Amino acid sequence: MNYDTSKVKMIISDVDGVMTDGSIYIGKGGLELKQFCVSDGAGVALLRAAGLELALISGRKSEATAERAKELKIENVYNGTLNKIPPYEAIKKKYNLTDNQIAYIGDDLIDIPVMELAGVPIATDNAVPAAKKAAVYVTQNGGGHGAFREAVEWLLTKQDRLTEVINLLREKVQNQK
């Protein structure tokens, strides 16, 4: 599979099974809870420090996903979209990007059509075999256990920028003291 990480300007990610372990807790009155990994939030910070854009496309409509995205200040959130191609195309148009400038992180069958378009498709360790087969990289961590951050660090390492971005983030944190 031919891919070029150096061109990537944006990561688009699925949510359930990537930023969560896929578990959904439903309480009385339909209250929905999901567990998100703090390490993945740090991955979002790394992504921002690197100057890369981020979007989320979730097949399942979820207030918990919307709340987590709001907390992380992720503006591009497509929540409850089983066909992920239209939002993917809208994001490309909005940012004037080509497929080769996008990395996509997924874990399930509905992610594969986008993974086949994106220049750098990534799957999580807990992904279905077909998604892993469509990926150029499979994380060692499962969804909800740092897979998103691992994917960001892998991409930045491939771009030979990880140390630079960590130093930028460190400076930013030190300047806030």
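Let me sum up the structure you'll find in this document. (Residues numbered from 1 in each chain as written. Predicted model: local features only at pLDDT ≥ 70, side-chain atom pairs only at ≥ 80, totals over all residues. Heavy atoms only, no water.)

**Some details on the sheet that holds strand β4 (residues 53-58)**
To keep things clear, this is the line we draw: At least two bridges found by DSSP between two strands is the condition for calling them paired. Numbering of helices and strands runs from the N terminus; a helix is a DSSP stretch of H or I covering at least four residues, while a strand is a stretch of E covering at least two. When checking whether two residues touch, look at their non-hydrogen atoms; a contact exists if any pair is within 4.5 Å. Axis lines are fitted through C-alpha atoms, for helices just across the contact stretch, and the angle between N-to-C directions can take any value from 0 to 180 degrees.
The six strands are arranged β5-β4-β1-β6-β7-β8 in an open sheet whose pairing can be described as parallel. This sheet does not close on itself; its edge strands, each paired only once, are β5 (76-79) and β8 (137-138). Here strand β1 (residues 10-13) runs beside strand β6 (residues 102-106); their pairing, made up of four bridges, is parallel. Bridge assignment links Met 10 to a residue of β6, and that residue is Ile 102. Against the sheet, helix α6 (residues 147-158) makes contact with β1, β4, β6, β7 (120-123) and β8, and its axis sits at roughly 155 degrees relative to β1, the strand it touches most.

**Observations concerning unusual backbone geometry**
Inclusion rule: Remark: exposure states derive from per-residue accessible area (1.4 Å probe, protein chains only) relative to the maximum for the residue type, with buried under 20%, exposed over 50%, and partly exposed in between.
Even without being a glycine, Asn 96 presents a positive backbone phi close to 55 degrees. Note on placement: Asn 96 falls in the loop between α3 (85-95) and β6. Taking the relative accessible area as the measure of exposure, Asn 96 reaches 67% and is therefore exposed.

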